[in-house]
Amino acid sequence: MRERRARQERRRAREFDAFVAGAGGRLLHAATLLTTETPGATPGSTPEAERLLVGALARTCADWDRLRGEDPYEYTRQELAARFSHTAWRYRRDRGGLLGALPPQERLVLVLRLFEGVAEEQTAAGLGLPVERVRALCVRGMATVLSAPRERPGPVVAEGVT
């Protein structure tokens, strides 16, 4: 009996590790967009995004056996969105960047709709909002992003050309 249980645990661990290896990068990128941290070249350069993702992955791991037949990526993304929503007060300060000026709810809707490609109806259901509210948040967020001043690169000067 113990041996069978140990085999099941090893299989479960391998499956979860494979999921994290495949989806972890994209989920971390989504978490980084939500927290508006500037990603660095080293691990640990986005501590709030990593904390958010680790919490979502911990919940996914705990519920792994119950996810049979469900998409673990979708489950983890929903958990990530829920954790961000519940701690949105932490992310109200403007850290710069394209999404930094947006309120947390607009930022969440834009990340889900545009980066993750989640349909309006699915986003609304996941956040517990009417579809019209999700649409309005997306339009308002896009208007803010598109109206933000952009840095214009200076003229490119080729070396050795006089």
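Here the structure is shown first, and the text comes after it.
Parameters at a glance
Residues numbered from 1 in each chain as written. Predicted model: local features only at pLDDT ≥ 70, side-chain atom pairs only at ≥ 80, totals over all residues. Heavy atoms only, no water. Axes fitted to C-alpha atoms, helices over the stretch in contact; angles between N-to-C directions. Helix = DSSP H or I, 4+ residues; strand = E, 2+ residues; numbered from the N terminus. Left-handed = near helix turned anticlockwise from the far one by under 90°. Contact = heavy atoms within 4.5 Å. Nonpolar A, V, L, I, M, F, W, Y, C, P; charged D, E, K, R; others polar. Phe/Tyr/Trp six-rings, centres within 6.5 Å; stacked < 30°, edge-to-face > 60°. Buried < 20%, exposed > 50% of the residue type's maximum accessible area, 1.4 Å probe, protein only. Lys NZ or Arg CZ within 6 Å of the ring centre and 35° of its normal. Salt bridge = Lys/Arg side-chain N within 4 Å of Asp/Glu carboxyl O. Parallel < 35°, antiparallel > 145°, perpendicular 65-115°, else oblique.

Novice: I would appreciate a short explanation of the packing of helix 1 (residues 2-35) against helix 4 (residues 104-115) in the present structure.
Specialist: How two helices pack is summed up by the angle between their axes together with the distance between the axes. Closest axis-to-axis distance for the helix 1/helix 4 pair is 9 Å, and the angle between their directions is 145 degrees. Remark: the crossing between helix 1 and helix 4 carries right-handed chirality. Note on element contacts: helix 4 touches helix 1 through R107, L108, V111 and F115, opposite R26, H29, A30, L33, L34 and T35. Looking at the contact of helix 1 with helix 4 residue by residue, the class counts come to six nonpolar, two polar and two charged.

Novice: Whenever I open this one, unusual backbone geometry confuses me. Can you help?
Specialist: With glycine set apart, most residues show a phi of negative sign, and most peptide bonds adopt trans. Phi at T36 is positive, roughly 55 degrees, even though this residue is not glycine. Along the polypeptide, T36 turns up in the loop between helix 1 and helix 2 (47-62).

Novice: I would appreciate a short explanation of the packing of aromatic side chains in the present structure.
Specialist: Each pair of aromatic rings is reported with the distance of its centres and the angle of its planes. Following the criterion strictly, the structure yields three aromatic pairs and no others. Note on F16 and F19: the rings are 6.2 Å apart at their centroids and 45 degrees apart in plane angle, and the pair reads as tilted. Within this pair, F16 and its partner F19 are both found in helix 1, separated by three residues, close to a single helical turn. Its relative accessible area of 13% is what places F16 among the buried residues. What makes F19 buried here is its relative accessible area of 12%. With centroids separated by 5.7 Å and ring planes inclined at 45 degrees, the aromatic side chains of F19 and W64 adopt a geometry described as tilted. With F19 in helix 1 and W64 in the loop between helix 2 and helix 3 (72-86), this pair connects stretches of sequence that are 45 residues apart. Pair check on accessibility: F19 and W64 agree, each one buried. An aromatic cluster is present here, built from F16, F19 and W64 joined pairwise through their rings. The residue whose ring lies beneath R26 is F115, and the NZ or CZ to ring-centre distance is 4.5 Å.

Novice: Would you mind showing me how to read the pattern of salt bridges here?
Specialist: Close approach of charged atoms allows side chains of opposite charge to pair. In total, this model carries 14 salt bridges according to the counting rule given. A salt bridge links R59 to D63, with the nearest nitrogen and oxygen atoms 3.2 Å apart. Assessed through its relative accessible area of 39%, R59 is described here as partly exposed. For D63, a relative accessible area of 9% gives the class buried. In this structure, R77 engages E74 in a salt bridge whose closest nitrogen and oxygen atoms are separated by 2.1 Å. In this pair, R77 and E74 both sit in helix 3, three residues apart, roughly one turn of the helix. Judged by relative accessible area, E74 falls into the buried class, the value being 16%. Because the salt bridges share partners, they merge into one network encompassing R59, D63, R66, E79 and R83.

Novice: Is there a simple way to think about the packing of helix 2 against helix 3 in this case?
Specialist: Relative orientation of the contacting elements helix 2 and helix 3 amounts to 130 degrees, with a least axis distance of 9 Å. On the basis of their axis angle, the class for helix 2 and helix 3 is oblique. The element helix 2 and its partner helix 3 pack so that their crossing is right-handed. Here helix 2 contributes L52, L53, G55, A56, L57, R59 and T60 to the contact with helix 3, which in turn contributes P72, Y75, T76, E79, L80, R83 and F84. Here the residues of the contact of helix 2 with helix 3 sort into eight nonpolar, three polar and three charged.

Just geometry here; none of it tells us what the structure is for.
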